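The residues making up each chain are set out below.
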Amino acid sequence: LICQKSSCPKIFPPKAGFFVQRLRLICRFIKLSLKSLKIPKMAQAHTLIVIPARWKSQRFPGKVLAEIYGKPMLQWVWEQAQKSQLADQVIIATDDDRIAHSAKNFGAEVIMTSSQHNSGTERCAEVANRLNFELIINLQGDEPLISPKAIDQLIYLLQNDEAIQMATLRTEIK
């Protein structure tokens, strides 16, 4: 999960990963205990979750539409993002009609983006430039097990510490 405030002047693309939450620390090292942070009910910043999704994965083309227990992987990610209490909106950003059609069928809002993007971060930046949000969360489309509570904890952290312009939620793989 990669997050950035829309006021951040630079975009740092994440390294590719498969079902692994990315570790990308930009402004300072953040260690967040997922069990100890209490989330208040009211959000402080207008927050958007963007799920970039592309068909042309090098290792697994069409990965985001691969079925997991009867649903496309992307639907599992979107449903988890929808459970966030601190995000105002969730959008799937894609350049592929197959992905857009599938996402609309399960109820997601979709924004079609340029096919010229080299990364999901660039796709998110395009959406961020079209919409007016204070905080943009880049949630990878291949993370079906992401916890809504973890998303909210990261949003809370970014909303309450102006020194943090960009951060990544991480977890130890055991």
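Higher on the page you've got the structure.
Residues numbered from 1 in each chain as written. Predicted model: local features only at pLDDT ≥ 70, side-chain atom pairs only at ≥ 80, totals over all residues. Heavy atoms only, no water.

K.L.:
A description of the pairing of strand E6 (residues 109-112) should follow, citing residues and the corresponding values.
P.N.:
The pairing of strand E5 (residues 89-94) with E6 spans 4 bridges and is parallel. Note on E6: the bridge partner recorded for Thr-94 is Met-112. You can see the chain leave E5, run along helix H2 (residues 97-105) and come back into E6, and the turn it takes is right-handed. (Pairing = 2+ DSSP bridges. Helix = DSSP H or I, 4+ residues; strand = E, 2+ residues; numbered from the N terminus. Right-handed = clockwise from strand over helix to strand, strands pointing away.)

K.L.:
Let's hear about the pattern of salt bridges: which residues, and what values?
P.N.:
What the rule picks out here adds up to 4 salt bridges. Residue Lys-71 pairs with Glu-79 through a salt bridge whose shortest N-O separation is 2.8 Å. Under the relative-accessibility criterion, Lys-71 is labelled partly exposed at 23%. Its salt-bridge partner being Arg-98, residue Asp-96 comes within 2.7 Å of it at the nearest N-O pair. The exposure class assigned to Asp-96 is buried, which follows from its relative accessible area of 10%. Residue Arg-98 is classed as partly exposed on the basis of its relative accessible area, which comes to 45%. (Salt bridge = Lys/Arg side-chain N within 4 Å of Asp/Glu carboxyl O. Buried < 20%, exposed > 50% of the residue type's maximum accessible area, 1.4 Å probe, protein only.)

K.L.:
How would you explain the pairing of strand E7 (residues 135-138) if you had to name every residue and give the values?
P.N.:
Working note: regular strand, side chains alternate between the two faces of the sheet. Side chains Leu-135 and Ile-137 project from E7 onto one buried face, and the interleaved Ile-136 and Asn-138 project onto a second face that is buried too. In terms of strand pairing, strand E2 (residues 47-53) meets E7 through 4 bridges, oriented parallel. From the neighbouring strand, Thr-47 faces E7, where its bridge partner is Leu-135.

None of the figures reported here should be taken as evidence of function without further support.
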